[in-house]
Amino acid sequence: MLKWCRANDIPVRTYSEWAEILYGRPTDPTVNVFPDIATDLNGDGSPDGLSLGSETRIVEEAPEGSTASLAVPGNCQACIVRDLGGIEKGGNTFSLRMRGPAGGKVQARLTSRDAKIMTEWLTFEQAVGTAWQTFAGDVMIPAKVSTITIDIRRRDRAEADLLISSISFAGGASE
Ligand SMILES: [Ca+2]
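Residues numbered from 1 in each chain as written. Predicted model: local features only at pLDDT ≥ 70, side-chain atom pairs only at ≥ 80, totals over all residues.

Trainee: How would you summarise the overall build of the chain if you had to cite specific residues and measurements?
Mentor: Of regular secondary structure, the chain possesses two helices and 10 strands. The burial tally for the chain puts 25% of its 175 residues in the buried class. Residue pairs in contact within the chain that sit at least 24 positions apart in sequence constitute 72% of those at least 6 positions apart. (Helix = DSSP H or I, 4+ residues; strand = E, 2+ residues; numbered from the N terminus. Buried ≥ 20, exposed ≤ 12 C-beta atoms within 10 Å, placed from the backbone. Contact = placed C-beta atoms within 7 Å.)

Trainee: Explain unusual backbone geometry to me, using residue names and the numbers behind them.
Mentor: Cis geometry marks the peptide bond from Gly100 to Pro101, where omega comes out at -5 degrees. On the secondary structure map, Pro101 appears in the loop between β5 (90-99) and β6 (105-112). With a phi angle near 50 degrees, Asp83 is a residue other than glycine that sits in the positive phi range. Note on placement: Asp83 falls in strand β4 (residues 77-84).

Trainee: With reference to specific residues and values, describe the nonpolar core.
Mentor: Counting residues in hydrophobic clusters, the biggest one holds 28 residues, and the most contacted among them are Leu84, Met98, Ile150, Ile164 and Phe169. Mapped by element, the contributors of at least two residues to this core are β3 (69-72), β4, β5, β6, β8 (133-141), β9 (148-154) and β10 (162-171). Among the elements that take part in this core, β10 stands out by supplying five residues, more than any other. Setting aside residues no more than four positions away along its own chain, Ile164 makes contact with Ser69, Leu70, Val72, Ala78, Leu96, Met98 and Val106. (Core = buried A, V, L, I, M, F, W, Y, C linked by C-beta atoms within 7 Å.)

Trainee: Break down the sheet that holds β4 for me, with residues and values.
Mentor: With antiparallel pairing, the five strands of this open sheet are ordered in space as β1-β4-β9-β6-β7. Each having just a single partner strand, β1 (51-52) and β7 (119-125) make up the two edges of the open sheet. (Pairing = 2+ DSSP bridges.)

Trainee: So, the pairing of β5: which residues are in play, and what are the values?
Mentor: Direction of pairing for β5 relative to β8: antiparallel, over a ladder of nine bridges. What sits directly across from Arg97, in β8, is Thr134. Taken together, the seven bridges between β5 and β10 define a ladder with antiparallel strand orientation. Considered in β10, the bridge of Arg99 is made with Leu163.

Trainee: For the pairing of β3, give the residues involved together with the corresponding values.
Mentor: In this sheet, β3 lies alongside strand β2 (residues 57-59) in antiparallel orientation, the contact comprising three bridges. From the neighbouring strand, Arg57 faces β3, where its bridge partner is Ala71. Bridge analysis of β3 against β10 gives three bridges, and the strand direction is antiparallel. Bridging across to β10, Ala71 finds its partner in Leu163.

Have a look at this one:
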């Protein structure tokens, strides 16, 4: 990704940095800074800004408002976003939508570069397998943290793929 940006003379900036450049400060704290899983501008088969787990595939089946999902087999890493910037200090919300199988469990670990300063775990469990369900959790970003790594893993061992979509990390949550 970095190599590609240099080759194409595209400065490497986060979405939020671009928002500042394009619209001036202050940025809207409620903007989702999590990379879009449907965007692959450099054509390497992986969404720009995140790394897929080795068994995870991108599929077109998605809930309303989204165009792609991650299809994740049992007990596998879905994806990881390293050193995500553009995040707001204070109250944030991490959310995603997922569908089946019932009992499907997803765990997200959110850490600062120094994991001792901030390590948060969020666990979401699918109650029914047939419908998209939305899950959300609050995350406090300490004042000294400016980037975080988000590692999303599936924790159950059911055979069917679990679909994950509409992943969001945004500020503006109550503190
Ligand atoms: Ca890509």
